[in-house]
Amino acid sequence: MSDPRTPAAPAEDPEPAAEPNTAAEAGASAEPSAQAPAAAEPALAPALAGGSHAQDAGPAPFPFAGLGRSLDRGVSRGLAMVTGSALGPYQAAVIRIGFSLTWLLFLLREWPHRSELYGPDSPWTVALAKRLVAGNHAFTAVLWNDSRGWFELVYAVAVVSSALLMVGWRTRTSSVLFMLGVLSLQNRSVFMGDGGDNVIHLMAIYLVFTRCGQVWSLDRRRAAKAEAEEAATGAGGSAGSDPVGIALWVVMGAALVAATVAGKLATEWKVGLWAGLLVQAVWWAVRRYAPGEPRTVLNTMADIIHNGAMLVVVVEVCLIYSTAGWYKIQGSRWEDGTALYYPLHLDDFTPWPSLSHALAGNALMVMLITYGTVMVQVAFPFTLFNRKVKNVLLVAMMLEHASIAIVLGLPFFSLAMIAADAVFLPTGFLRWLGEQVARPLRRPAPPALAAVPGPRPADTGAGQAAAGQSATEAVT
Amino acid sequence: MQSEQGPSPQAATLSLPARIAVAVTVGVVAVGALLHLGMVFLHVAPSNTLSKEHASAVSDYVYPEFEQNWKLFAPDPLQQNVHVQARAEVRKPDGSTETTGWVDLTAMDVADMRHNPLPSHSQQNELRRAWGYYSDNHSDQNQTTPISANDLSGTYLNTILAKRLGTRLNGGTVVRVQGRAATTTVARPSWSGESVDTTTQYRELPWWTVPTAPAGQENAS
């Protein structure tokens, strides 16, 4: 029922079923939406799976007797889940906010150094950067023009898009701009980054495919308002014309035309970005003029893509911890329990030398943290099968990253890792956290506004799956 | 699961083409996600049977945008402090040349980062990673062959040195710069009973002539 495992669990399901079970799958995908309560799904699954199995037949029960059927049931339940809704709306929102906030704070912190890092004053000169990019074909809009003004524009777009993604304004478009901003700056000067930049780079790409603005976003608020109006006027079905959305689409389209005409885009980027622009137009048209089945199908497709992207995010975080942990096991310093001592004596990672040296001087503490780090990193992916253990380890990892931020002087790396960890936080905790943050903000609002989030607790009681279906539709 | 009120169309009534569209999406997304994760796995895993066999497919897929390295402080944390130092050959107004003393650029970065809760990448990563890039691409010996213009890592490191030293030093114009790495092994923990040589080792780079139009300035339009 909950968060982290929901994206993870269907992992195995869609694969074997995708091809062979096409018919049953389409059925399964259709059903649960019809039978409103989530509880109805398991009941209906066996019916789908066909009840003609002769079980309970022999005297010595074959231990795998029910395997075929429960496999069928699992597959159809999984399919119902991945096609039924965009899973983990709060988890998607928290990583959206986490990564965009991290990158925004980083860009603001580096404001005085921006030109040295990514601009015309960088020792990684335009000539060097162009040579490297010509070889690896990385995307970077910064190198499209050598003028300082162009660089400043790209940096400004990166800052603004981070802020917009954080507040969830036109989330899908903002997420694309955010990704392009991250890639442009990082790929302009690859040798300026560290692990934190690497995480943000990957997640910026993955976020584009998620519906990360379903909750905690301006989009959600706009959609709720539109819904309320719709209910009040009794006008059903088709969406409004959305002039702001059209204007934004036209601006994006114009930019894309310009980039294409100027020949700045590699083929895969041209295809991807044009397809995205086209999909947004189709999305708008369908919502406005074909509110029936086409809208349902598009909505379901967006949910499926979201669920795939969330799976990728979750597994990516597991890969990060696994590789970090498994490579450490092979190191003699991690084995003899002194590894932590060394970074605490490296000049680049000791902004508070007396603190670092005091910590490094405690032999037992060094050993415990050294062993604890490896154990947690290696164990974490496996604890996803147990909610309680997972949550304990999650707290441990977040605390460790918070300490790294201060002790090793890696605040942005740590913030990015905490944002990545947050994808595993339980829905209940995230909703509670959201309310704690929102309450003081909401107080001055008029009663009409305060009522907007009202329906949500009821929806989500049945499982987070139900999160604002119609609200998310507005968010392309 | 559509708990929304209102005229939402029910998925149960989906037509066959719509069901096919949904089914195809599930298939494509499932295959795409698993392919992506498989590629990333082979990229981050140690070199193995599969990743060796499909090395070019994996690297074609992963580079440049999905490249990643999570060997953070692994298999062993760095146990040496590497300080990049630089000196210059300057031409005085009277035409004579003079070689300056060594300037510890890393120590200047470290001083800037001290007691700073938000160190900049320009202090924490720039020199450190430039040195890493250089040493990954050059053999361990002190090199005497000059750094060619095609040598990205050598050009990069020396450009940093030249920029940090500036165009004028000790009353003369900087003509050439030279870098060196001063490596000091971190003393073993007192309780470990091990001892290591902690004297600083130096590795000198060849002299590098500073381009007449320092890189970057031509772009100041």
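Quantities reported herein were computed from a predicted structural model and do not represent experimental measurements.

S.K.: Please provide a residue-by-residue account of helix α20 (residues 411-421) of chain A, values included.
M.R.: Residue and element names in this part refer to chain A. Most of α20 sits out of view: 9 of its 11 residues are buried. Of all the residues in α20, the buried ones are P411, F412, F413, S414, A416, M417, A419, A420 and D421. Where α20 is buried, its residues meet α6 (89-109), α11 (195-208), α15 (293-329) and α19 (387-407).

S.K.: Just give me the short version of the interface of chain A and chain B, but keep the residues and values in it.
M.R.: Of the residues lining the interface, 115 residues belong to chain A; the matching set on chain B comes to 91 residues. In total, chain A and chain B occlude about 8900 Å² of area from one another, counting both sides; carbon and sulfur atoms represent 64% of this. It is F191(A), Y327(A) and D348(A) in chain A that bury the most area against chain B; as a group they hold 8% of the surface buried on that side. Linking chain A to chain B there are 1 salt bridge. One salt bridge connects R333(A) with E194(B), and the closest N-O pair in it is separated by 3.3 Å. At the junction of chain A with chain B, the criterion picks out 33 residue pairs in polar contact (both at pLDDT 80 or more). Sorting elements by how many residues they give to the side of chain A that touches chain B places α15(A) first, with 18 residues. Taken together, the residues of the side of chain A that touches chain B sort by class into 59 nonpolar, 35 polar and 21 charged.

S.K.: An account of the nonpolar core is requested, with residue identities and associated values reported.
M.R.: Grouped together as the largest cluster of nonpolar side chains are 128 residues, with contacts concentrated most on F99(A), W103(A), L185(A), F424(A), Y156(B) and V177(B). Contact partners of F99(A), with chain neighbours within four places excluded, come to F178(A), V199(A), I200(A), M203(A), L207(A), A416(A), A419(A) and A420(A). Residues V75(A), I304(A), A18(B) and V22(B) belong to the second largest nonpolar core, which totals 10 residues.

S.K.: Please give an account of empty space enclosed by the protein that cites residues and values.
M.R.: Overall, the coordinates contain 5 cavities of 30 Å³ or more when judged by the stated rule. Of the volumes computed, that of the second largest cavity is approximately 90 Å³. As for the second largest cavity, its lining consists of 15 residues, of which F106(A), D194(A), F412(A), F413(A) and H121(B) are closest to the centre. Those elements that provide at least two residues to the lining of the second largest cavity are α6, α11 and α20 of chain A together with α5 (121-124) of chain B. For the lining of the second largest cavity, the class distribution of residues is 8 nonpolar, 5 polar and 2 charged.

S.K.: Please give an account of the packing of aromatic side chains that cites residues and values.
M.R.: Tallied over the full model, the rule gives 24 aromatic pairs over all chains. Their ring planes at 75° and their centres at 5.0 Å tell us that F380(A) and F424(A) sit as a pair that is edge-to-face. Of the two residues, F380(A) is situated in helix α18 (residues 363-383) and F424(A) in the loop between α20 and α21 (427-442); the sequence distance between them amounts to 44 residues. Judged by its relative accessible area of 0%, F380(A) falls in the buried class. Since its relative accessible area comes to 0%, F424(A) is described here as buried. Taken together, the aromatic side chains of W124(A), F191(A), Y133(B) and Y156(B) make up a single cluster linked through ring pairs. When the ring centre of W169(A) is taken as origin, the NZ or CZ atom of R170(A), which lies over that ring, is 5.9 Å away.

S.K.: Any details on the UniProt feature "transmembrane region" (unreviewed entry) in chain A? Residues and values, ideally.
M.R.: Residues and elements named next belong to chain A. As recorded in UniProt, the sites labelled "transmembrane region" (unreviewed entry) are residues 87-108, 149-169, 244-263, 307-327, 359-380 and 392-410. Across residues 359-380, helical content stands at 91% and strand content at 0%; the span's end C-alpha atoms are separated by 25 Å. Counted over residues 392-410, helix gives 84% and strand 0%. Its end C-alpha atoms are 24 Å apart.

S.K.: Summarise the pattern of salt bridges; cite the residues concerned and give the values.
M.R.: All names here are of chain B. Scanning all chains against the criterion turns up 13 salt bridges over all chains. The salt bridge partner of E89 is R176, with a shortest N-O separation of 2.9 Å. With E89 in strand β1 (residues 80-91) and R176 in strand β5 (residues 172-185), this pair connects stretches of sequence that are 87 residues apart.

The rules behind each value
- Residues numbered from 1 in each chain as written.
- Chains lettered and ligands numbered in written order.
- Predicted model: local features only at pLDDT ≥ 70, side-chain atom pairs only at ≥ 80, totals over all residues.
- Heavy atoms only, no water.
- Buried < 20%, exposed > 50% of the residue type's maximum accessible area, 1.4 Å probe, protein only.
- Helix = DSSP H or I, 4+ residues; strand = E, 2+ residues; numbered from the N terminus.
- Contact = heavy atoms within 4.5 Å.
- Buried area = accessible area lost by both parts, 1.4 Å probe.
- Salt bridge = Lys/Arg side-chain N within 4 Å of Asp/Glu carboxyl O.
- Polar contact = N/O pair within 3.5 Å; in protein donor to acceptor, adjacent residues only side chain to side chain.
- Nonpolar A, V, L, I, M, F, W, Y, C, P; charged D, E, K, R; others polar.
- Core = buried A, V, L, I, M, F, W, Y, C linked by side-chain atoms within 4.5 Å.
- 1 Å grid on protein atoms, 1.4 Å probe; cavity = no way out; pocket = protein on both sides within 12 Å on 5 of 7 lines; lining within 4 Å.
- Points joined across faces, edges and corners; volume = space filled by probe spheres on them.
- Phe/Tyr/Trp six-rings, centres within 6.5 Å; stacked < 30°, edge-to-face > 60°.
- Lys NZ or Arg CZ within 6 Å of the ring centre and 35° of its normal.
- UniProt positions renumbered as here; feature names shortened; annotations may be inferred.

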